[in-house]
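Structure at a glance
If you want the building blocks of each chain, they are given just below.
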Amino acid sequence: MVNYYIIGFLLATLILYLYIYMVDIKNLRTALDNTLNQLLHPEEGFLYLILAAFFLSNALLLILPKDLIAQWIGREAGFKGILIATIVGSITPGGPFLTFPILVAFYRAGAAVGPLIAFLTSWSLLGLQRILIWEIPFLGVNFVLVRVIISLGIPILLGLIGQYIYDTLKL
């Protein structure tokens, strides 16, 4: 099956690099050098993180008990599954290179769309690690408390809406 998104993205990138080449070939060399450095730098390269993320998600898929995932955050778990995913998302540490492989593994193991949306939204809005390390020291307890209180229901609401839309459209 042809993935037109990838073809379009690659075509747009090629056109952009051709334009850079026509304007100033030195800029093309700089763009290529910067890209390779971002991917392959021994300490900061993204390629290593991306590869690790793929290995992590596939390893998790092998060890996660599918029946337990389906029971706790699968379609039949309903509201309880959305609530569990909201809590788990809020306490999941790390950045996207850890979180998205976990999310993919949950999805492949049978998690429903609603809980996955709640997990991702909760991780984004209510991440305990970020709140403790960044928000409270920089913004203060009062600001963070107000922000967290008004954000608490959003992952649950989005999980419910997302599951409803998914089921209604039979995606």
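These figures come from a predicted structure and were not determined experimentally. The written sequence of each chain sets the order in which its residues are numbered from 1. At least 70 in pLDDT is required for a residue's local features to be given in this predicted model, at least 80 for side-chain atom pairs to be given and counted, and no such filter applies to totals for whole chains, interfaces and linings, which use all residues. Hydrogens and water molecules were not included; the side-chain quantities draw on all heavy atoms of the structure.

**A short note on the packing of aromatic side chains**
When two rings of Phe, Tyr or Trp (its six-membered ring) have centres within 6.5 Å they constitute a pair, described as stacked for plane angles under 30 degrees, edge-to-face for angles over 60, and tilted for the intermediate range. As enumerated under the stated definition, the model contains 4 aromatic pairs in all. An angle of 85 degrees between the planes, with centres 6.1 Å apart, marks the rings of Phe100 and Trp123 as edge-to-face. Taken together, the positions of Phe100 in helix 6 (residues 96–108) and Trp123 in helix 7 (residues 113–126) put the pair 23 residues apart, joining distant regions of the chain. Exposure categories follow from relative accessible area, calculated using a 1.4 Å probe and restricted to protein chains: below 20% of the type maximum is buried, above 50% is exposed, and the middle band is partly exposed. Overall, the relative accessible area of 14% leaves Trp123 in the buried class. With centroids separated by 5.8 Å and ring planes inclined at 10 degrees, the aromatic side chains of Trp134 and Phe138 adopt a geometry described as stacked. Of this pair, Trp134 and Phe138 both sit in helix 8 (residues 128–139), 4 residues apart, roughly one helical turn. Residue classification places Phe138 among the exposed positions, given a relative accessible area of 62%. Here, a charge over a ring means that NZ of Lys or CZ of Arg falls within 6 Å of the ring centre while also lying within 35 degrees of the ring normal. A cation sits over an aromatic face here: Lys80 above Trp72, 5.9 Å from the ring centre. Every helix listed is a DSSP run of H or I at least four residues long, and every strand listed is a run of E at least two residues long, numbered separately from the N terminus.

**Concerning the packing of helix 7 against helix 10 (residues 153–168)**
Under this scheme, a helix contributes an axis fitted over its contacting stretch, all axes are lines through C-alpha atoms, and angles between N-to-C directions fall in the 0 to 180 degree range. Two elements in contact, helix 7 and helix 10, have axes separated by 7 Å at closest approach and are oriented at 150 degrees. In terms of axis orientation, helix 7 runs roughly antiparallel to helix 10. Helix-helix and strand crossings are classified by hand; for helix 7 and helix 10 the assignment is right-handed. Of the residues in helix 10, those in contact with Val113, Gly114, Pro115, Ile117, Ala118, Thr121, Ser122, Leu125 and Leu126 of helix 7 are Ile154, Pro155, Leu158, Gly159, Gly162, Gln163 and Tyr166. Each residue gets one label: Ala, Val, Leu, Ile, Met, Phe, Trp, Tyr, Cys and Pro are nonpolar, Asp, Glu, Lys and Arg are charged, and the others, such as Gly, are polar. Considering only residue class, the contact of helix 7 with helix 10 consists of 10 nonpolar, 6 polar and no charged. Put simply, angles under 35 degrees are roughly parallel, angles over 145 are roughly antiparallel, angles from 65 to 115 are roughly perpendicular, and the rest are oblique. Should the near helix be turned counterclockwise from the far one by less than a right angle, the crossing is left-handed, whereas a clockwise turn marks it as right-handed. In what follows, residue pairs with any heavy atoms lying within 4.5 Å of each other are defined as contacts.

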